[in-house]
Amino acid sequence: MKSQAVLKPVTTAKELVEAAIHFIPVGSIVSVRDIVAAVRKADPDLQVTDCELVETIMDRATLHGQFVCFDLRQV
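Now for a quick tour of the structure. This is a predicted model, so every value here is computed, not measured.

With that out of the way, let us pick up the packing of helix 2 (residues 32-42) against helix 3 (residues 50-63). Across the interface, helix 2 lies against helix 3 with an axial gap of 10 Å and an inter-helix angle of 115°. As summarised for this structure, helix 2 and helix 3 are arranged roughly perpendicular, according to the angle between their axes. The interaxial crossing formed by helix 2 with helix 3 has right-handed handedness. Contact residues: helix 2 offers Val32, Ile35, Val36, Val39 and Arg40, while helix 3 offers Asp50, Leu53, Val54 and Ile57. Looking at the contact of helix 2 with helix 3 residue by residue, the class counts come to 7 nonpolar, no polar and 2 charged.

Given below as C-alpha cells:
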C-alpha cells in the first residue's frame, strides 16, 4: 500500500494580495499597510519582501481600478 502525502497548496504572493483586495470596491483606496499585514497573517512563511509585496499590490490594485495609499511608514 502506497502512502500519499497531503501537500499544502502553493499560494503565491499575487494570490494572497488578490484575496486581500478582492472585496475592496472599484475606485476605493487600498492601504498598503493593511494588505501587507493581511498577507503576512495569511502566510507568515511567505518568502517575499515588503517591497515585492508593495509592487504586487500596486499592480493588482490598479488593475482593479483601485487607488493605492502608501502608508507603510505612517507615524
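Turning to the side chain of glutamine 66, a few remarks are in order. Mapped onto the secondary structure, glutamine 66 falls in the loop between helix 3 and strand 2 (67-69). Polar contacts involving the side chain of glutamine 66 include one to the main-chain carbonyl oxygen of isoleucine 24, which spans 2.7 Å. Once residues lying within four places of it in the same chain are set aside, the contact partners of glutamine 66 are Ile21, Ile24, Pro25, Val26, Gly27, Ser28, Val30 and Ala61.

A separate point is the packing of helix 1 (residues 13-21) against helix 2. Relative to each other, helix 1 and helix 2 sit at 120°, their axes nearing to 9 Å. Put simply, helix 1 runs oblique to helix 2. With respect to the hand of their crossing, helix 1 and helix 2 are arranged in right-handed fashion. When helix 1 is examined against helix 2, the residues Leu16, Val17, Ala20 and Ile21 are found in contact with a partner set consisting of Ile35, Ala38, Val39 and Ala42. Class assignment for the residues of the contact of helix 1 with helix 2 results in 8 nonpolar, no polar and no charged.

Evaluated as defined, the whole model comprises 3 salt bridges. Among the salt bridges present, the one from arginine 33 reaches aspartate 71, with a minimum N-O distance of 3.8 Å. Taken as a pair, arginine 33 in helix 2 and aspartate 71 in the segment after strand 2 lie far apart in primary sequence, 38 residues in all. Judged by relative accessible area, aspartate 71 falls into the buried class, the value being 5%. With its nearest N and O atoms 2.8 Å apart, the salt bridge here joins arginine 40 to aspartate 50.

We now examine helix 2. Those residues of helix 2 not exposed but buried are Val32, Ile35, Val36 and Val39. In a view along the axis of helix 2, the buried residues occupy a sector of 100°, so they form one face of it. The inward-facing, buried residues of helix 2 contact helix 1, strand 1 (29-31), helix 3 and strand 2.

Thresholds applied
- Residues numbered from 1 in each chain as written.
- Predicted model: local features only at pLDDT ≥ 70, side-chain atom pairs only at ≥ 80, totals over all residues.
- Heavy atoms only, no water.
- Axes fitted to C-alpha atoms, helices over the stretch in contact; angles between N-to-C directions.
- Helix = DSSP H or I, 4+ residues; strand = E, 2+ residues; numbered from the N terminus.
- Parallel < 35°, antiparallel > 145°, perpendicular 65-115°, else oblique.
- Left-handed = near helix turned anticlockwise from the far one by under 90°.
- Contact = heavy atoms within 4.5 Å.
- Nonpolar A, V, L, I, M, F, W, Y, C, P; charged D, E, K, R; others polar.
- Polar contact = N/O pair within 3.5 Å; in protein donor to acceptor, adjacent residues only side chain to side chain.
- Salt bridge = Lys/Arg side-chain N within 4 Å of Asp/Glu carboxyl O.
- Buried < 20%, exposed > 50% of the residue type's maximum accessible area, 1.4 Å probe, protein only.
- Arc of directions from axis to C-beta.

So yeah, pure geometry; function would need other evidence.
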